[in-house]
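# Survey of secondary and tertiary structure
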Amino acid sequence: MPVPGPGYAITARVEVPASASAAGDLTMAIGRVGGVVTAFDVVEAAHNEILVVDISCNALNEAHAEEITAALEALPGVRVRKVSDRTFLLHLGGKLSVESKVSLRNRDDLSRAYTPGVARVCQAIAANPADARRLTIKRNTVAVVTDGSAVLGLGNLGAAAAMPVMEGKAALFKRFAGVDAWPVCLDTQDTEEIIRTVQILAPAYGGINLEDIAAPRCFEIEARLRELLDIPVFHDDQHGTAVVVLGALRNALRVVGKKLSECKVVVCGVGAAGSAIIRLLRSSAPGDVLAVDINGIVHPGRPGLDNNLTWIAEHTNVEQVSGTLADALIDADVFIGVSAPNLFGAEELATMASDAIVFALANPDPEIDPAIAMAKAAVVATGRSDYPNQINNVLAFPGVFRGLLDAQARDITDAMLLAASAAIADVVTEPNPSFIVPSVFDSAVAPAVAEAVRSATGRSDVAPV
């Protein structure tokens, strides 16, 4: 069952009659409705009669936060002055800023950083454009590009509403790999306009991270930009997810003692993430892969296949079976879900092979209740932070781009992605059912991924940033 988390944290400022039981009364009221108190601070006391208290707690959702507030207000003599949503407070004014790396203390500094000295650097780059990687922010900067058409699991929210996610992505780049990233939110969902816009913005960046662009347009946008640009183009919803999933699967198979080449793998959801997982998974030669979407198992004879599904039909499902997700799960060794919540339960899970591996990654509600999955499957992973084995893209993309930028790479290949996947897996030296991927805060992850990617580029001679 879901538990209250910091994503719905609130702080309530309340007036409460001064008494020895004041703190207990407030915390018990929150506990009775399922809230989790995280902080309690006395702000002021008035004439030994009234206490003003800030009490912080985690809730399940917005409705639960309102229920907690109502429970406080129901206490005798208590008045709730104000309730602050701590997530919204964190986002006030945005999450990013720009800092200069050079001091501008006097005229000499100004003359070198700007005119007239800067003109010499401009002329040097004009004479040798490759020097832009050495003499500008291009060396360490990534554009986080979106059109807002597939924001998280929320759908088509548009460019402005996508900004908080892109800011967060940029903050993660900086925190985990020292990469300077910047949101580029485009107010268009026209494929040609997006491609052309990114193309003409590209000279300022050392890499492009495409984010939250809906399938199937994302496939064409990425493929075309890879052809047009001389810097790596990485769609994190596709390749970041695939890299972490394969790393986790590698360790899960170690736990259950199975070989991928002997496994039947079911991938549920064949949008951006599912398609990339299947494509990268094929590089590791699984026994068979069955792809399943809203219309059932993908196979060559199914009508209405687009280009992406046609490719998948031609490269999966060796026996060309048809049917539903329930049919696909029979005797499956591995389930990987990147689709929708609550698609199957204990009955379907029982038909899977012994020592089954279940990656139910739909967020916030997985394809199967994790508690049900854990009762039968040998290894269970989700996309959530409140269960073991969180499959989180932050394990991949910071280190991937750190390695690409350090190598001054001009493209990105499956070999680099597989190297990143193996590096993530190898950070966990002794995997067990509850520990198949490292923590996102494990400081060893990003450097290991970066070094693996850098080595896979064949550019180990280039000095890292």
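For the structure, see preceding data.
How each quantity is defined
- Residues numbered from 1 in each chain as written.
- Predicted model: local features only at pLDDT ≥ 70, side-chain atom pairs only at ≥ 80, totals over all residues.
- Heavy atoms only, no water.
- Phe/Tyr/Trp six-rings, centres within 6.5 Å; stacked < 30°, edge-to-face > 60°.
- Helix = DSSP H or I, 4+ residues; strand = E, 2+ residues; numbered from the N terminus.
- Buried < 20%, exposed > 50% of the residue type's maximum accessible area, 1.4 Å probe, protein only.
- Polar contact = N/O pair within 3.5 Å; in protein donor to acceptor, adjacent residues only side chain to side chain.
- Axes fitted to C-alpha atoms, helices over the stretch in contact; angles between N-to-C directions.
- Left-handed = near helix turned anticlockwise from the far one by under 90°.
- Contact = heavy atoms within 4.5 Å.
- Nonpolar A, V, L, I, M, F, W, Y, C, P; charged D, E, K, R; others polar.
- Pairing = 2+ DSSP bridges.
- Right-handed = clockwise from strand over helix to strand, strands pointing away.

Moving on, we get to the packing of aromatic side chains. Across all of its chains, the model carries five aromatic pairs by this definition. Between the aromatic rings of Phe176 and Phe441, the centroid separation amounts to 5.8 Å while the plane-to-plane angle is 50 degrees, which identifies the pairing as tilted. Here Phe441 lies in the loop between helix H17 (414–427) and helix H18 (445–457) and Phe176 lies in helix H7 (residues 159–177), a separation of 265 residues in the sequence. For Phe441, a relative accessible area of 59% corresponds to the exposed category.

This paragraph deals with the side chain of Asn308. As for its placement among the helices and strands, Asn308 is situated in helix H12 (residues 307–315). Overall, Asn308 belongs to the buried group, its relative accessible area being 8%. There is a polar contact of 2.9 Å between the side chain of Asn308 and the side chain of Ser275.

Interaxial distance between helix H11 (residues 272–282) and H12 falls to 11 Å at its minimum, and their mutual angle equals 35 degrees. Pair H11 / H12 crosses with left-handed handedness. Residue-level inspection shows Ser275, Ile278, Arg279 and Arg282 of H11 in contact with H12, the latter providing Asn308, Trp311, Ile312 and His315. Tallied by class, the residues present in the contact of H11 with H12 amount to three nonpolar, three polar and two charged.

As a further point, take the sheet that holds strand E5 (residues 141–146). The strand order across the open sheet built from four strands is E6-E5-E7-E8, with neighbouring strands paired in parallel fashion. Each edge of the sheet is formed by a strand with only one pairing partner; in this case those strands are strand E6 (180–185) and strand E8 (233–235). Between one strand axis and the next, the sheet turns through 25 degrees on average, direction left out of account. Relative to strand E7 (residues 207–210), E5 runs parallel, the two being bridged by four bridges. Each bridged residue has a counterpart across the sheet, and for Val145 the counterpart in E7 is Leu210. Running at roughly 165 degrees to E8, helix H9 (residues 217–228) makes contact with E7 and E8 of the sheet.

The next subject is the pairing of E6. On a regular strand, one side chain projects to one face of the sheet and the next to the other, so that they alternate. Alignment of E5 against E6, held across six bridges, turns out to be parallel. Looking across to E6, one finds that Val144 is bridged to Pro183. A crossover links E5 with its parallel partner E6, the connecting element being H7, and its sense is right-handed.

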